[in-house]
Amino acid sequence: MKPMKEFAIQFVGLKIGKHHFEHKIEQAFFEHFEYKEFNNVDVNVEVELEKKSTFLELRFKASGFVNINCDLTNEPYNQTIENEFELVVKFGDEYNDEHVDILMVPHGTYEISIEQYIYELIVLAVPIKRIHPGVEDGTLNSDILKKLEELSPKLSDDKDKEEDIDPRWNTLKKLLTDK
């Protein structure tokens, strides 16, 4: 997978202080990662880079929506997402990204590619259980929901249960009480 040039931040020529970058993420971004869970994407990602003399601090903030399918009904809906992430970039002898929020890059590095961090920021903002808002409030009219309600077991009264019992069991119950 080739890195995307628009997500590379060249920090060598930047002055010490805060710098702001904005990215509009759409479906093509996830096609680059071959991620097919989203039907449509409209997310704004703001990146604030604070350059200091010996390290860099990056703050990512994502907000927008992704269009996904409901786990219960398979109906598409827009899931709003908001997520934040902070990353510290330090300089060392070799590249190391073992820690979640610390990235070590070799001395002499002049740019950082942030596309992977943006990808993870958005994907992790989506809830694990995806339920259409219409399912929760009962306003969604779906053939799948109607079929699920039709096939779901119905609650019945205790009187109905006693009537459905085989009479041979009643005879056996008398043996337990006879002494």
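Residues numbered from 1 in each chain as written. Predicted model: local features only at pLDDT ≥ 70, side-chain atom pairs only at ≥ 80, totals over all residues. Heavy atoms only, no water.

Q: Could you give an account of the overall build of the protein chain, naming the residues involved and the relevant values?
A: Helix and strand counts for the protein chain come out as 6 helices and 7 strands. Put simply, the protein chain runs from its N terminus to its C terminus through helices and strands in the order β-β-α-β-β-β-β-β-α-α-α-α-α. Relative to its length of 179 residues, the protein chain is extended, with a C-alpha radius of gyration of 28 Å against a globular reference of 16 Å. The buried share among the 179 residues of the protein chain stands at 31%. When contacts within the protein chain are restricted to residue pairs at least 6 apart in sequence, long-range pairs at least 24 apart make up 57% of them. (Helix = DSSP H or I, 4+ residues; strand = E, 2+ residues; numbered from the N terminus. Rg over C-alpha atoms; globule rule 2.2 N^0.38 Å. Buried < 20%, exposed > 50% of the residue type's maximum accessible area, 1.4 Å probe, protein only. Contact = heavy atoms within 4.5 Å.)

Q: Break down the pattern of salt bridges for me, with residues and values.
A: Opposite charge on two side chains lets them pair, provided their charged atoms get close. Scanning the model with the defined rule gives 7 salt bridges in all. For D42, the salt bridge identified is with K24, shortest N-O distance 2.4 Å. One end of the pair, D42, is in strand β3 (residues 40-51); the other, K24, is in strand β2 (residues 17-26), with 18 residues separating them in the sequence. The class of D42 is partly exposed, set by a relative accessible area of 27%. Accessibility expressed as a relative area gives 47% for K24, which makes it partly exposed. (Salt bridge = Lys/Arg side-chain N within 4 Å of Asp/Glu carboxyl O.)

Q: Let's hear about a negative patch on the surface: which residues, and what values?
A: A cluster of like negative charges, contributed by E82, E84, E86 and D101, occupies part of the molecular surface. Along the chain, the position of E84 falls in strand β5 (residues 76-92). (Patch = residues over 30% accessible without salt bridge, like charges linked within 9 Å, V, L, I, M, F, W, Y side chains within 5 Å. Areas by Shrake-Rupley, 256 points an atom, 1.4 Å probe, with all protein chains shown as cover. Lys, Arg positive; Asp, Glu negative; His and termini not counted. Charge placed at Lys NZ, Arg CZ, Asp CG, Glu CD.)

Q: Go over the pairing of β5, please, and point to the residues and values.
A: Sheet topology places strand β4 (residues 55-69) next to β5; 15 bridges connect them, and they run antiparallel. Across the sheet, F65 pairs through a bridge with T80, a residue of β5. Where β4 folds back on β5, the antiparallel hairpin that results is connected by 6 residues, among which N74 adopts a positive phi of roughly 65 degrees. (Pairing = 2+ DSSP bridges.)

Q: Give me the sheet that holds β5: which residues, what numbers.
A: The strand order β2-β3-β4-β5-β6 describes an open sheet built from 5 strands, whose pairing is mixed. The open sheet is flanked by β2 and β6 (102-106), the only strands paired with a single partner. The mean inter-strand angle of the sheet, taken between neighbouring strand axes irrespective of direction, is 20 degrees. When β2 meets β3, the two strands line up antiparallel, connected through 10 bridges. What sits directly across from E22, in β3, is E46. The strands that helix α2 (residues 115-123) touches are β2, β3, β4, β5 and β6; relative to β4, the one it contacts most, it runs at about 45 degrees. (Axes fitted to C-alpha atoms, helices over the stretch in contact; angles between N-to-C directions.)

Q: Tell me about the nonpolar core, and name the residues and values.
A: With 37 residues, the main nonpolar core has I25, L58 and I122 as its most contacted residues. Element by element, the count of residues in this core is highest for β4, at 6 residues. Look past the residues within four positions of I25 in its chain and what remains in contact with it is F7, F30, V41, D42, V43, V45, I118 and I122. (Core = buried A, V, L, I, M, F, W, Y, C linked by side-chain atoms within 4.5 Å.)

Q: Mind laying out unusual backbone geometry, listing which residues take part and the relevant values?
A: Backbone phi values are negative for most residues with the exception of glycine, while trans is the configuration of most peptide bonds. Its identity is not glycine, yet E34 carries a phi of approximately 60 degrees, on the positive side. Note that E34 resides in the loop between α1 (27-32) and β3. Of note, N74 is a non-glycine position whose phi angle comes to about 65 degrees, a positive value. Residue placement: N74 occurs in the loop between β4 and β5.

Q: Describe a nonpolar patch on the surface, with residues and values.
A: A surface patch of nonpolar side chains, amounting to about 420 Å² of accessible area, comprises I165, W169, L172 and L175. Inspection of the secondary structure puts I165 in the loop between α5 (158-163) and α6 (167-177).

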